[in-house]
Structures are given as structure tokens and as C-alpha cells.
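# Examining the three-dimensional arrangement
Okay, here's what each chain looks like letter by letter:
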Amino acid sequence: MNVQPAFTDRFTNHVGYESIRTSTREASSWIRCRPDLLDERGNLHPAVIGYLVDSTAGVVCGMAAVPNWVVTADLQFRIVHPTTVGPLRADAVAVRPGRRQSLGEVRVVDEGAGERLIALGTVNHLVIAKDDDLDVPADMPIGVRYGPADPLGTTPLPLAEHFGLRSDPGTGSAELDVVGDAVNPLGILHGGLLTYLATAAARSRYSGPGPVRVGDVVLRFIGSLPNGHVARATAELVSTESATTIARVAIVDPADEQAKVGALASVGLLPA
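Each chain carries its own residue numbering, running from 1 in the written order of its sequence. Owing to the predicted nature of the model, reporting of local features is limited to residues with pLDDT of at least 70; listing and counting of side-chain atom pairs is limited to 80 or more, with chain, interface and lining totals taken over all residues. Note: side-chain values were computed over all heavy atoms of the structure, leaving out hydrogens and water.

### Digging into empty space enclosed by the protein
Convention followed: Put plainly, a pocket is an open set of points on a 1 Å grid over the protein atoms alone with protein on both sides within 12 Å along at least five of seven lines, a cavity is a set where a 1.4 Å probe fits but cannot get out, and a lining residue has an atom within 4 Å of a point. Grid points are joined across faces, edges and corners, and a volume is the space filled by probe spheres set on the points. The residue classification treats Ala, Val, Leu, Ile, Met, Phe, Trp, Tyr, Cys and Pro as nonpolar and Asp, Glu, Lys and Arg as charged. All others, Gly included, are polar.
In total, this model carries one cavity of 30 Å³ or more according to the counting rule given. Taken as a whole, the largest cavity holds about 30 Å³ of empty space. Together, Phe-11, Ala-47, Val-48, Leu-159, Gly-192, Leu-193 and Tyr-196 line the largest cavity. The class makeup of the residues in the lining of the largest cavity is six nonpolar, one polar and no charged.

Have a look at this one:
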């Protein structure tokens, strides 16, 4: 299998994403556990796992929708096992490739840990007319492995530094500038960073005893956050009475006078 330089999207390229269609309704994708993509405990960051779920479902549902394409409406995933060795592989199947909506189901396993199950997820998409600016191949032949257009020559800075994440403990907020690798080909915040903002804000709001980890995320994509602006996530704890602490997170453009929400999420935090 030859790696084809197909994915030029800057965020996709940055995380080293690779993907292959294995049948008409199935695909697998990989992300390696590079040091810069890890969380503070040395495991692949939950936001990167979320992107692996989202993007792999997008491959199978997008190809099932050709000549149209799909955009993510809802992303849900649960991290079953937080410890990772890598590379992680996501296996996706298009469960319901409809004309207006399309649902993909994804399992993420750790190839470096004997195929240990890491996460389960589902992604619901809206079927749309394909835009020429979308960073997707016109066709992904089955059995051809696609990869980054420009593989990184050196290890970049950790995620927080690379994307300029700003978040202080206890504030319940997290923000970053929609610039550089944070911008997708349509000129808006890359969807892969919505989970990053949501989990950072949720963890910033938590003030209970002991460390916590992200257990699950439900993310609703609502609107766009434009290039050159700021994306800000604000979390509030809505449930602290069980083993799982639940945070509600709204992600907005603070410069938007009407305070339109770009995404809404719930994040479950578990004792680490």
C-alpha cells in the first residue's frame, strides 16, 4: 500500500492522520502517539482520539454520499481505556448512509497494546452538496492508503503551545485564536479543535479532590467560528453527585454581538 499525499488540511496534516477504505462502507485510520499529541499523563490526548473518531466516520459516510459530501452534526465518543501505546487505529462503518443524514460507528483500538479497545463512538452527519474547498479526495479507491501531504520533519511543540491554548485552573474557560493550523480549508475553526476546547474548559472548571480524566464527550456542531477571531469555551458543572462529573460547555466567538453558539458539548470527567 502506498501512502498518497492526499490530505492537505493543515490540522489533519499536523496530527499525521492516515486513512484507508477497506470496503464500500468501512474504513480504518491511524494516528501515532507522538510526544506532542499526548496529555499530561503521557497518553494520546482525548481531543485527538475524538478527531480520529470523527474523521474516520467522515471517510466512510462521505464516500457513501458521493457525489455529495457530509459535514459533522453530532460527535459522541467514550474512552474505555485511557492508557495508550500507539499507534491508535479507528475502524469505522457507515451504519446508515442516508440521503439527508448519515451515521457512522467507530471503534478505536491500540495496535501497540495488542488491539486493546480504547474508545467507542458514533458520528451523525448532514449530507450536503460538495464544496470545491473541502479537503477530501474526489474518490478514495478501496485499498489505497492516504496520508499527510507534508509529513513533519521535526516534532512540534505540545498541543497547548502549538495552538496557543489559554486556560487557567478554576476559571472554567479555554480559548485559542483561529489562526494557522487551527483553520480548516473553509476558513473557519477546524472541527478537531472543538473537542480540545471543550475538554480543556471542563477540566478547568473542575475543583474536586484528586485528578480527573475525560471519560466521554458529546459534541453538537452548530455554527462556524471564523478565521482571525477567537474561539472561547465556557464550562459549568451540571452534575457532581456520581462518580462521573458532567460539565456543559458552550463554545462561542466572543466578538459575535449576538453571542451565537458555535458548538455545545457535555464532557464527562472520571477520577484519573
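### Details of the environment of Pro-158
For clarity, the cut-off: Helix and strand definitions here come from DSSP, where helices need a minimum of 4 consecutive H or I residues and strands a minimum of 2 consecutive E residues; each element is numbered from the N-terminal end.
Structurally, Pro-158 can be placed in the loop between strand E8 (145-148) and helix H3 (159-162). Taking the C-alpha atoms as reference, Pro-158 lies 16 Å from Thr-12; in sequence the two are 146 residues apart.

### Topic: the nonpolar core
Applicable threshold: Note on terminology: a nonpolar core comprises buried Ala, Val, Leu, Ile, Met, Phe, Trp, Tyr and Cys residues joined through side-chain atoms within 4.5 Å. Buried residues are those whose accessible area, probed at 1.4 Å on protein chains only, stays under 20% of the maximum for their type, while exposed residues exceed 50% and partly exposed ones sit between those limits. The contact criterion used is simple: two residues touch if any of their non-hydrogen atoms lie within 4.5 Å.
Residues Val-108, Leu-189, Val-249 and Ile-251 are the most contacted members of the largest nonpolar core, which totals 70 residues. The biggest single contributor to this core is helix H2 (residues 46-65), with 12 residues. Leu-189 has contacts with Leu-176, Val-178, Ala-182, Asn-184, Leu-194, Leu-197, Leu-225 and Ala-231, leaving out every residue within four places of it along the chain.

### A short note on the pattern of salt bridges
Here is the rule we go by: Whenever Lys or Arg places a side-chain nitrogen within 4 Å of a carboxyl oxygen from Asp or Glu, that contact is recorded as a salt bridge.
Counted under the stated rule, the structure contains 13 salt bridges. Note that Glu-175 and Arg-166 form a salt bridge whose closest N and O atoms lie 3.1 Å from each other. The exposure class assigned to Glu-175 is buried, which follows from its relative accessible area of 17%. Each of Arg-89, Asp-91, Glu-111 and Glu-115 takes part in one network of salt bridges that share partners.

### Description of H2
Condition: The span you would expect from a helix comes to 1.5 Å times its residue count less one.
Counted at 1.5 Å a residue, the expected span for H2 with its 20 residues is 28 Å, and the 28 Å between its end C-alpha atoms agrees. Most of H2 is tucked away: 19 of the 20 residues are buried.

### Let's talk about the packing of aromatic side chains
To keep things clear, this is the line we draw: Aromatic pairs are defined between Phe, Tyr and Trp rings, using the six-membered ring for Trp, whenever the two ring centres lie within 6.5 Å; interplanar angles under 30 degrees are classed as stacked, those over 60 as edge-to-face, and all others as tilted.
Taken as a whole and judged by the stated rule, the model has five aromatic pairs. Where Phe-11 meets Tyr-51, the ring centres are 5.0 Å apart and the plane angle is 85°; that geometry is what we call edge-to-face. With Phe-11 in helix H1 (residues 10-14) and Tyr-51 in helix H2, this residue pair connects regions lying 40 residues apart in the sequence. Of the two residues examined, Phe-11 and Tyr-51, each falls in the buried class. Taken together, Phe-7, Phe-11, Tyr-17, Tyr-51, Tyr-146 and Phe-163 form an aromatic cluster joined through their ring pairs.

### A few points about the environment of Ile-188
Relative to the helices and strands, Ile-188 is located in the loop between strand E9 (173-177) and helix H4 (194-205). The class for Ile-188 is partly exposed, based on a relative accessible area of 21%. With 35 residues separating them in the primary sequence, Ile-188 and Gly-223 have C-alpha atoms 9.8 Å apart. The residues contacting Ile-188, other than those within four sequence positions of it, are Val-178, Ala-182, Val-183, Ser-224, Leu-225, Pro-226 and Asn-227.

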